[in-house]
Amino acid sequence: MSEHNKIDEHDNSLKVGSRGPTLMEDFHFREKMTHFDHERIPERVVHARGSGAHGYLQVYESMAEYTKAKFLQDPSVKIPVFVRFSTVVGFRGSADTVRDVRGFATKFYTEDGNFDLVGNNMPIFFIQDAIKFPDLVHAVKPEPHNEMPQASAAHDNFWDFISLMPESMHMIMWVLSDRALPRSYRMMEGFGVHTFRFINEQGKARFVKFHWKPTLGMHSLV
Ligand code: HEM
C-alpha cells in the first residue's frame with residue numbers, strides 16, 4: 001500500500017444521491033474543514049507577548065540534603081533549559097517596555113522528564129484565590145468596545161477592582177515600582193511565587209521558594 005491515497009475529486013463533497021445531504025464519511029471534506037477551522041490559533045488570554053531563550057542549569061553545590069530530584073544533585077552536570085519571558089496584559093503585538101509584571105516560565109529538560117516552573121518578576125500576587133483571576137484579568141484588559149488602553153493598568157476598571165480588593169494592595173506597590181519596567185529580561189529577578197516542597201531521599205520534607213538572581217544585576221528603564 002502506498003503511503004498516500006490520491007484524491008481524485010476535491011471540489012465536490014460526498015452526498016447521498018444527487019440532491020442528498022453531505023455524508024460524514026467524507027473524510028477529505030471533514031479534514032479540509034477541520035484544517036480551515038484551526039488556521040487561526042486564538043491569542044492567549046494573558047502572557048500573549050513573549051520572548052524565549054535557551055540556556056542551562058548547573059547547581060553550584062549538590063542539593064541532596066534537601067531533595068532527591070535528580071537534576072539538583074550533581075554540580076558537574078548541565079541541564080538544558082528553555083525560558084519564556086512575557087508581559088501579562090498586552091496583546092501579542094504590544095510593546096516590551098510597558099509597566100507590567102513580567103512572566104518567567106522555565107522548562108527544565110531533566111533526565112526524569114520535563115519539569116515546568118512558572119514564575120513572575122515579583123514574588124507575590126494580586127489575589128489569594130484562583131476564582132478571582134477572571135475578574136482581575138477582565139478588569140486589567142482593554143475595554144472590549146475599543147481595545148483601549150493596551151498593555152496598561154491605567155484605567156478605571158482596574159482601579160475599581162483594586163479598590164475593592166484589599167489583598168491586592170501589596171502587589172500594586174510592586175507594580176508601581178521600578179521592577180515593573182525592567183531594562184531587559186536579563187536584568188530582573190525571577191520568583192516561583194508559590195511555596196514548593198522539597199523531599200530528600202530519607203523522606204524529610206522542607207518548604208522552599210525559587211528565586212532567580214540576575215548576574216547582570218537589577219536595572220530599570222527609569
Ligand atoms: C490563580 C491565579 C492564576 C491563574 C488562574 C493563572 C492563569 C493563567 C493562564 C490561563 C495563563 C495562560 C496560559 C496559556 O494561554 O498558555 C497563564 C500564564 C502564565 N502565568 Fe498565570 N495564573 C495565575 C497566577 C500566576 C502566578 C502566581 C504566576 C507566577 C508564579 C503566574 C505566571 C504565569 C506565567 C509565567 C504565564 C505564561 C506561561 C508561558 O510563558 O508559557 N501566573 N496563567
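Scope of this entry: the structure provided in the associated data block. (Residues numbered from 1 in each chain as written. Predicted model: local features only at pLDDT ≥ 70, side-chain atom pairs only at ≥ 80, totals over all residues. Heavy atoms only, no water.)

### Digging into the site of the ligand
Lining the immediate surroundings of the ligand are 16 residues, of which H47, R84, G119, F125 and F133 lie closest. A distance of 3.3 Å is found between an oxygen atom of the ligand and a side-chain nitrogen or oxygen belonging to R44. Side-chain polar atom of R84 to an oxygen atom of the ligand: 2.4 Å apart, as the coordinates give it. Broken down by secondary-structure element, the contributors of at least two residues to the shell around the ligand are β3 (102-110) and β4 (113-120). A breakdown of the residues in the shell around the ligand according to their chemical character gives eight nonpolar, six polar and two charged. (Near = heavy atom within 4 Å. Polar contact = N/O pair within 3.5 Å; in protein donor to acceptor, adjacent residues only side chain to side chain. Helix = DSSP H or I, 4+ residues; strand = E, 2+ residues; numbered from the N terminus. Nonpolar A, V, L, I, M, F, W, Y, C, P; charged D, E, K, R; others polar.)

### Description of the packing of aromatic side chains
Taken as a whole, this structure holds 12 aromatic pairs when the rule is applied. Here the aromatic rings of F198 and F210 are separated by 5.8 Å at their centres, their planes lie at 70 degrees, and the arrangement is edge-to-face. Placement of the pair is F198 in strand β6 (residues 196-199) and F210 in the loop between β7 (205-208) and β8 (211-212), with a sequence separation of 12 residues. The class for F198 is buried, based on a relative accessible area of 12%. Ring pairs connect the aromatic residues F125, F126, F133, F158 and W159, which therefore count as one cluster. The cationic tip of K78 hangs over the ring face of Y56; the distance from NZ or CZ to the ring centre is 4.3 Å. (Phe/Tyr/Trp six-rings, centres within 6.5 Å; stacked < 30°, edge-to-face > 60°. Buried < 20%, exposed > 50% of the residue type's maximum accessible area, 1.4 Å probe, protein only. Lys NZ or Arg CZ within 6 Å of the ring centre and 35° of its normal.)

### Focus: a nonpolar patch on the surface
Taken together, the side chains of F29, M33 and F36 define a hydrophobic patch exposed on the protein surface, amounting to about 280 Å² of accessible area. Its location among the elements puts F29 in helix α1 (residues 27-37). (Patch = residues over 30% accessible without salt bridge, like charges linked within 9 Å, V, L, I, M, F, W, Y side chains within 5 Å. Areas by Shrake-Rupley, 256 points an atom, 1.4 Å probe, with all protein chains shown as cover. Salt bridge = Lys/Arg side-chain N within 4 Å of Asp/Glu carboxyl O.)

### As for the nonpolar core
Core analysis: the biggest nonpolar cluster contains 19 residues, and V101, M122, F126, F158, F161, M171 and V175 have the highest contact counts within it. Elements represented by at least two residues in this core include exactly α2 (133-140), α3 (156-163) and α4 (169-175). Among the elements that take part in this core, α2 stands out by supplying four residues, more than any other. Setting aside chain neighbours within four positions, we find V101 in contact with S86, T87, V88, N120, N121, M122, F126, M171 and V175. If you look at the next biggest cluster of nonpolar residues, it comprises 10 residues, including V81, L117, V208 and F210. (Core = buried A, V, L, I, M, F, W, Y, C linked by side-chain atoms within 4.5 Å. Contact = heavy atoms within 4.5 Å.)

### Quick notes on the environment of E111
Tracing the backbone through its elements, the reader meets E111 in the loop between β3 and β4. A relative accessible area of 71% means that E111 is categorised as exposed. In sequence terms E111 and A69 are 42 residues apart; their C-alpha atoms lie 9.9 Å from each other.

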